[in-house]
Amino acid sequence: GAGVSQSPSNKVTEKGKDVELRCDPISGHTALYWYRQRLGQGLEFLIYFQGNSAPDKSGLPSDRFSAERTGESVSTLTIQRTQQEDSAVYLCASSFQFDYNSPLHFGNGTRLTVT
Amino acid sequence: AQSVTQLDSQVPVFEEAPVELRCNYSSSVSVYLFWYVQYPNQGLQLLLKYLSGSTLVESINGFEAEFNKSQTSFHLRKPSVHISDTAEYFCAVSEVQGAQKLVFGQGTRLTINP
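Going along each chain's sequence as written, the residues are numbered from 1 onward. To label them, take the chains in the order written and letter them from A, then take the ligands in the order written and number them from 1. In keeping with the model being predicted, local features are shown solely for residues with a pLDDT of at least 70 and side-chain atom pairs are shown and tallied solely at 80 or more, while totals for entire chains, interfaces and linings include all residues. Calculation of side-chain values draws on the structure's entire complement of heavy atoms; hydrogens and water are dropped beforehand.

Undergrad: Before we go on, may I ask you to explain the state of the cysteines in this structure?
TA: As used in these notes, a disulfide is a covalent bond between sulfur atoms, one from each of two cysteines. In this description, a disulfide is simply a cysteine sulfur pair whose atoms lie within 2.5 Å. Evaluated as defined, the whole model comprises two disulfides over all chains. Sulfur-sulfur distance for the disulfide between A:Cys23 and A:Cys92 comes to 1.9 Å. Residues A:Cys23 and A:Cys92 are joined through a disulfide that is left-handed, its torsion about the S-S bond being -65°. Of this pair, A:Cys23 sits in strand E3 (residues 19–24) while A:Cys92 is found in strand E9 (residues 88–95), placing the two residues 69 residues apart along the sequence. The exposure classification of A:Cys23 matches that of A:Cys92, with both residues buried. Disulfide pairing places B:Cys23 opposite B:Cys91 at an S-S distance of 2.0 Å. Because the sign of the S-S torsion sets the handedness, a value of about -65° for the bond joining B:Cys23 and B:Cys91 places this disulfide among the left-handed ones. Of this pair, B:Cys23 sits in the loop between strand E3 (19–21) and strand E4 (24–26) while B:Cys91 sits in strand E10 (residues 87–95), and the two are 68 residues apart along the sequence. Note on classification: 1.4 Å probe, protein chains only; a residue is buried when its accessible area is under 20% of the maximum for its type, exposed when over 50%, partly exposed between these limits. With relative accessibility at 0%, the residue B:Cys23 sits in the buried group. Residue B:Cys91 is classed as buried on the basis of its relative accessible area of 0%. Helix and strand definitions here come from DSSP, where helices need a minimum of 4 consecutive H or I residues and strands a minimum of 2 consecutive E residues; each element is numbered from the N-terminal end.

Here you go:
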């Protein structure tokens, strides 16, 4: 595809429900990153994938958050038992290679609202 | 750990005027520095970056930023802005190794008035 695609673009859920956010990276990009941006704050790193493995999960805020990637393509970020503080824009980014000469390409994000 | 401070949340300027968007960072280790831009209804995209070499880096659309290690700054400048530069600009840093675990500032919304 032309760019990183995220779905849904907006999600409203009730507190306590589980949600699943999807990211389709640019074809051929080996590195994939998840960030989130809460209102009035900068982007926070959550997790990254090198291929299908996630060497660093240190940015995940709690054990309610998990992510997986299959086929070196699609990734899903799952939030279990959502809380109001999970409300944010969740951004996915991919890069061709796992180095700083490969810029990150961001999707438009999923805006999650927990009521 | 690193942190980034963008001192201005909003910067309004007139078309063809110069602009400077300020960015300061703190880190106990060496860092790479980035400016990302988000145009209306678009995703974030890389504007320019400093990895090594010349401390003055430029983008293809006339922006430049200078890495100042002593002042821990990476301010973004353009001598003459256009309406099309209206966007939100994010400064970011990352440790000099490993994954692109960028630490972002809160962003500066640049509004260009005719």
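Undergrad: Can you walk me through the pattern of salt bridges in this structure?
TA: Pairs may arise between side chains of opposite charge once their charged atoms sit close together. Should a side-chain nitrogen of Lys or Arg be within 4 Å of a carboxyl oxygen of Asp or Glu, the pair is scored as a salt bridge. Tallying each qualifying case throughout the model produces nine salt bridges over all chains. Of the charged contacts, one joins A:Asp86 and A:Arg64 as a salt bridge, the two residues approaching to 2.8 Å between their closest N and O atoms. Of this pair, A:Asp86 sits in the loop between strand E8 (75–79) and E9 while A:Arg64 sits in the loop between strand E6 (53–56) and strand E7 (65–69); the two residues are 22 residues apart in sequence, bridging distant segments of the chain. Comparing A:Asp86 with A:Arg64 shows no difference in burial state: the two are buried. Notably, a salt bridge pairs B:Arg22 with B:Asp8, separated by 3.0 Å at the nearest N-O pair. Of this pair, B:Arg22 sits in the loop between E3 and E4 while B:Asp8 sits in the loop between strand E1 (3–5) and strand E2 (10–14); the two residues are 14 residues apart in sequence, bridging distant segments of the chain. Through salt bridges that share partners, A:Arg36, A:Arg38 and A:Glu44 make up one connected network.

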